[in-house]
Amino acid sequence: MDHHSSRGLQQFNNNVSIKFQLYNSLFSSLPFHRIEKTGILLSVLLNNCDEVSKKKMNPTDIISDFFQKHTTCKDEKDKLDMLFRIIQYVERQVVLFDALEDAAFTDVRDTAGAGTLKQLELEVIKANKDAALKKKLQDFSVQLVLTAHPTQFYPGAVLGIINDLSKALAENDAARINMYLQQLGKTPFLQKQRPTPFDEAISLIWYLENVFYQAAGRITTFLKNQFNDALPKNRSIINMGFWPGGDRDGNPFVTAETTLKVAHALRGSIIKCYYLEIRRMKRRLTFKGIDVILNGLEKQLYDNIFIPGYQTDISKEYILDELNKIKEIIIYQHNGLFLHLVTNLMNKVDVFGLHFASLDIRQESTVHNVVLEAIHGETYRKLSAEEKIIFCTQAPEVIAETNYAEPLVQDTVTNLYGIKKIQQLNGEAGCNRYIISQCNSALNVLEVFGLFLSCGWKKEVLTVDIVPLFETIDDLQHAAAIMKTLYSNHEYRNYLHQRNNRQTIMLGFSDGTKDGGYLMANFSIYKAKEALTKISKEYDIDVVFFDGRGGPPARGGGKTHQFYASMGKNISNKEIQLTIQGQTVSSNFGTIDSAQYNIEQLIHAGISNDLFSSKEITMQHAEEDLLLQLAKESFNAYIDLKNHPDFLDYLSNISPVKFYSETNIASRPSKRNSGSKLTLKDLRAIPYVGAWAQLKQNVTGYYGVGTAMAALEKEGKIALVKDLYSNSLFFRTLMDNCEMAMKKCYFPLTEYLSNDKKYGEIWNKIYQEYELTKKYVLLISGKNELMSNFPVDSLSIAMREKIVLPLLTIQQYAINKMREMEEQLVTSPLKEIFEKLVIRSSFGIINAGRNSA
């Protein structure tokens, strides 16, 4: 263990582990109904779960044993009431742990060490790379896109308490800590109604206002102070993107009206941030000549926020011009006093403009064909694919904005007209991308091009990037051929020319993993990027990759920055664009300090890759061939598991997957198809991966890896795999994430199934693969235990898993009870209560996991 890891571990023990035990005891003294008894009984239950699960006891027996030996509860409803109180207690323990980790962040992490901008500054000076840095920064940026996939169960009120509690914990203010814990005890965690897409937007705007506004401002200020000559003019290194209200793929609740409403909310929110900062500045900038300008700017901002329907021609340029006047006065008349207040705000205006975050539009590919057929009728329907391409690129007649009978058609047309309104209001950056999910042909892209033209957009001023999204293994393999067809199309090529010869392509990790397993998905995305980089170079197109990454390793999360650092020059890295979703928002970007640290890690990875790496290619051909062999073997093992006759039954009846839609955390349905039968094709990646996480089996993060390595060992190639691990950061990062997925497994929870008549075979199949993968990952890495090179993360996971063990047991207990009722055809009013027990357990389990869904 290196010096910093050792120091970080010590700080974690002092500021998180010990304090958790200390403040956890405060819960016992909270003056609430029966809460002290709940805390004592929870300790007993935790001990029970720990002991008896190792004896392969059924969760039903564990809970029954607990009630029989340690409580006086006889009535079933009293028992269930006790379990609900235990869940509520654990939920608040998880919040306390979150707040402690947030408060200790700067003590535990080295915020001036590896991967930070301070480190980059030293590296640039040492290697004399100033000119190379300036060249790199001309077209490099990091874009974080907050998405409409909330696997985050905390309502807004609880997020506020976590934020305040973290500050009180950092200051060791016992009185405030006690007060906030009391508030936590009285604040409901449960959302009784499913949120609307607008609700989702508002909850993520909280992070923009309270975290990203400050973090991006700090980073931009540091960059301008240290590398001012290297930074491009009129171009930000950090950009924010936004999906809630724009992502309508499979979400019937997102309408054109919602999109406009969210755009207004984003604009109002950033203007409010500027207004509040101007108000604070006025307390310091009391100098003659400045007050008049500040008052005028304050009034303009105020009117735009608080007067209904009032929208002046205020613009980003106007705000910057006024601030620049103040800057000049301070420099030339007041010796630069408080200049930093003005430059800090100017830096934020540079980043956020009047849009705060760019609102992306996303829709599924088949919808556009439906809309074009509805608009143009038989004229379009009868055309071949090649003829449709010609039709879409030859400026179809402009259509009316209204009067379409089919709601989907009307909404699509209104939305395409609405993008123009958003750009007029928030600036072009307000809404300038249209993403096509499940894209599997050039026509899918050109139909969107044709729809824009049909809705009055001119070819020469189409200020929207059309972005294909390739997700499945099959689509990834055909991606380069599809882009070649598009680049070869004269009209599309002209469109790209006026978009600065720049094509953004999105690649989806979640569906790739669900489709082909962990190794094959990651390898397929890598190969697709390589092929897309090559074909784009041939046509002189700058390709930008937008990674659709989820929170957990299985969906492209985990040690994300290491993936970008590992890429050679055969993969385009002009920009880093990725989705930030669900728990990843709160766990990696939940505070200003953690957000700054993680954004810096991404910036450093993208820049240092070009400046200090001599790697022309990510992997040598022999290494690539080896990884391909591993991916194929792994893929076959994963497909074999998916084809097991009991696979879907197991997932449906043992995990909480069918209850995801009832959790009321997302506006989007958990299945693409509204039919009652669960099918793997229709099931979305989030509930699929999340269900395995709650089962503590995390199949999607490692399954097939062990089988693949065993196959290579039989061929005498295990030494080559060890070399690959030593020499390839890309492969090492894949294995690091694989370790994280396994570290979060806990098979004793479900070991009672090992002898089950129906599910024993599939349980043992999964468990054996877990053990096999663990054996080989430790073998090739030379470690003795999983994640030993990340001791702080490892301890954090271990503590979180222990906190939620009672919830996991309660959830399995409730699922078992319902399964028994279904098998015995028993109708009972208790079934609904057991369902609620499963759903409530999910909240704490997933919040504690931080990147489990």
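What counts as what
- Residues numbered from 1 in each chain as written.
- Predicted model: local features only at pLDDT ≥ 70, side-chain atom pairs only at ≥ 80, totals over all residues.
- Heavy atoms only, no water.
- Helix = DSSP H or I, 4+ residues; strand = E, 2+ residues; numbered from the N terminus.
- Rg over C-alpha atoms; globule rule 2.2 N^0.38 Å.
- Buried < 20%, exposed > 50% of the residue type's maximum accessible area, 1.4 Å probe, protein only.
- Contact = heavy atoms within 4.5 Å.
- Areas by Shrake-Rupley, 256 points an atom, 1.4 Å probe, with all protein chains shown as cover.
- Lys, Arg positive; Asp, Glu negative; His and termini not counted.
- Charge placed at Lys NZ, Arg CZ, Asp CG, Glu CD.
- Core = buried A, V, L, I, M, F, W, Y, C linked by side-chain atoms within 4.5 Å.
- Pairing = 2+ DSSP bridges.
- Right-handed = clockwise from strand over helix to strand, strands pointing away.
- Phe/Tyr/Trp six-rings, centres within 6.5 Å; stacked < 30°, edge-to-face > 60°.
- Lys NZ or Arg CZ within 6 Å of the ring centre and 35° of its normal.
- Salt bridge = Lys/Arg side-chain N within 4 Å of Asp/Glu carboxyl O.
- Expected span 1.5 Å × (residues − 1).
- Bend = angle between axes of the 7 residues up to and from the residue.
- Axes fitted to C-alpha atoms, helices over the stretch in contact; angles between N-to-C directions.
- Parallel < 35°, antiparallel > 145°, perpendicular 65-115°, else oblique.
- Left-handed = near helix turned anticlockwise from the far one by under 90°.
- Nonpolar A, V, L, I, M, F, W, Y, C, P; charged D, E, K, R; others polar.

Draft legend 1. Here's a closer look at the overall build of the protein. Helix and strand counts for the protein stand at 35 helices and 9 strands. A compact globule built from 853 residues should have a C-alpha radius of gyration of about 29 Å, and the protein, at 27 Å, falls within 12% of that. Summarising its shape, the C-alpha atoms of the protein cover approximately 75 × 70 × 60 Å along the three principal directions. Burial analysis of the protein (853 residues in total) assigns 61% to the buried set. Once local pairs closer than 6 in sequence are excluded, the contacts in the protein between residues at least 24 apart make up 81%. Total accessible area computed for the protein in this model is approximately 33500 Å², and 50% of it derives from carbon and sulfur atoms. In the protein, the 98 positive side-chain charges and the 97 negative ones have mean positions that sit 3 Å from each other.

Draft legend 2. Local environment of the environment of Phe105. Within the secondary structure, Phe105 sits in helix α5 (residues 105–108). When the C-alpha atoms of Phe105 and Leu496 are compared, they prove to be 44 Å apart, with 391 residues separating the residues in sequence. Aside from chain neighbours lying at most four places away, what touches Phe105 is Thr111, Asp593, Ser594 and Tyr597.

Draft legend 3. Broad picture of the nonpolar core. Among the nonpolar cores identified, the biggest contains 258 residues, and Phe242, Leu323 and Phe731 are the most heavily contacted of them. A total of 15 residues in this core trace back to one element, the largest contributor, which is helix α4 (residues 76–103). Dropping the residues within four chain positions of it, Phe242 is found in contact with Val145, Leu146, Ala201, Leu204, Ile205, Leu208, Val262, Leu266, Ala357, Ser358, Leu359 and Asp360. Within the second largest apolar cluster, 7 residues are counted, among which are Trp243, Ile435, Val467 and Met506.

Draft legend 4. A look at the sheet that holds strand β4 (residues 361–364). The 9 strands lie next to each other as β3-β2-β1-β9-β8-β7-β6-β5-β4, forming an open sheet whose pairing is parallel. Of all the strands in the sheet, the pair left with one neighbour each is β3 (358–359) and β4. Pairing analysis gives 4 bridges linking β4 to strand β5 (residues 433–437), with the strands arranged parallel. Bridged to Ile361 within β5 is Tyr434.

Draft legend 5. Examining the pairing of β5 more closely. Among the 5 residues of β5, 5 are classified as buried, and the element is accordingly described as predominantly covered. By the alternation rule, side chains of β5 split into Arg433, Ile435 and Ser437 and Tyr434 and Ile436, which are all buried. With 4 bridges connecting them, β5 and strand β6 (residues 465–470) associate as parallel partners. By the bridge assignment, Ile435 is partnered in β6 with Val467. After leaving β5, the chain enters helix α19 (residues 442–454) and then returns to the sheet as β6, a path that is right-handed.

Draft legend 6. Layout of the packing of aromatic side chains. Tallied over the full model, the rule gives 35 aromatic pairs. Here the aromatic rings of Tyr213 and Tyr274 are separated by 6.3 Å at their centres, their planes lie at 50°, and the arrangement is tilted. Taken together, the positions of Tyr213 in helix α10 (residues 197–227) and Tyr274 in helix α11 (residues 256–282) put the pair 61 residues apart, joining distant regions of the chain. A ring pair is formed by Phe747 and Tyr770, whose centres lie 4.9 Å apart and whose planes are at 45°; its orientation type is tilted. With Phe747 in the loop between α32 (729–743) and α33 (760–781) and Tyr770 in helix α33, the pair connects residues that are 23 residues apart, well separated along the chain. Judged by its relative accessible area of 4%, Phe747 falls in the buried class. Taken together, the aromatic side chains of Tyr702, Phe747, Trp763, Tyr767 and Tyr770 make up a single cluster linked through ring pairs. The ring of Phe198 is capped by Lys261, whose NZ or CZ atom sits 4.2 Å from the centre of that ring. The cationic tip of Arg433 hangs over the ring face of Phe546; the distance from NZ or CZ to the ring centre is 4.5 Å.

Draft legend 7. Region of interest: the pattern of salt bridges. Scanning the entire structure with this criterion turns up 44 salt bridges. Where Asp593 meets Arg218, a salt bridge forms, and the shortest distance between an N and an O atom there is 3.0 Å. Pair noted here: Asp593 is in helix α26 (residues 592–612) and Arg218 is in helix α10, with a separation of 375 residues, a long-range link. You can call Asp593 partly exposed: its relative accessible area is 32%. A salt bridge links Lys325 to Glu322; the nearest nitrogen and oxygen atoms lie 2.8 Å apart. Of the two residues, Lys325 and Glu322 are both situated in helix α13 (residues 316–333); the distance of 3 residues between them amounts to about one turn of the helix. We classify Glu322 as buried; its relative accessible area is 12%. Counted as one network, the salt bridges with shared partners bring together Arg235, Glu428, Asp465, Arg499, Arg502 and Glu575.

Draft legend 8. Region of the structure containing helix α34 (residues 791–823). Taking 1.5 Å as the rise per residue, α34 with 33 residues should run 48 Å; its terminal C-alpha atoms sit 45 Å apart, in good agreement. Taking the largest bend as the criterion, α34 deviates by roughly 45°, centred on Val804, and proline Pro806 comes between one and four positions later. For α34, the buried fraction is high: 26 of the 33 residues fall into the buried class. The positive-phi residue at the C-terminal boundary of α34 is Leu825, with phi of around 55°.

Draft legend 9. Inspection of the pairing of β6 at higher detail. The element β6 is extensively covered by neighbouring structure, given that 6 of its 6 residues are classed as buried. Alternating residues of β6 divide into Asp465, Val467 and Leu469 and Ile466, Pro468 and Phe470, and every residue in both groups is buried. Sheet analysis places β6 next to strand β7 (residues 502–508), joined by 2 bridges and oriented parallel. Note on β7: the bridge partner recorded for Leu469 is Met506.

Draft legend 10. Spatial organisation of the environment of His264. Position of His264 relative to the elements: it lies in helix α11. Between the C-alpha atoms of His264 and Glu530, which are 266 residues apart in sequence, the distance is 39 Å.

Draft legend 11. Structural view of unusual backbone geometry. A positive phi is found at Asn501, a non-glycine position, where the angle reads about 50°. For Lys696, which is not a glycine, the phi torsion comes out positive at approximately 60°. Checked against the element boundaries, Lys696 lands in the loop between α29 (685–694) and α30 (705–714).

Draft legend 12. Quick peek at the environment of Gly296. Within the secondary structure layout, Gly296 lies in helix α12 (residues 290–306). On a C-alpha basis, the gap between Gly296 and Glu322 in space is 9.1 Å, while along the polypeptide they are 26 residues apart.

Draft legend 13. Examining the packing of α4 against α34 more closely. Running from N to C, α4 and α34 point in directions that differ by 160°, and their axes come no closer than 10 Å. It follows from the interaxial angle that α4 and α34 lie roughly antiparallel. As α4 packs across α34, the resulting crossing turns out to be left-handed. Side by side, α4 and α34 meet where Glu76, Leu83, Ile86, Ile87, Val90, Gln93, Val94, Phe97, Asp98 and Glu101 of the first sit next to Ser796, Met799, Arg800, Ile803, Val804, Leu807, Ile810 and Tyr813 of the second.

Draft legend 14. Summary view of the packing of helix α15 (residues 365–376) against helix α18 (residues 407–426). Where α15 contacts α18, the two axes come as close as 10 Å, and the packing angle between them is 100°. Put simply, α15 runs roughly perpendicular to α18. Along the contact surface, α15 presents Val367, Val370, Val371, Ala374 and Ile375, while α18 presents Leu408, Val409, Thr412 and Val413. The residue inventory of the contact of α15 with α18, partitioned by class, reads 8 nonpolar, 1 polar and no charged.

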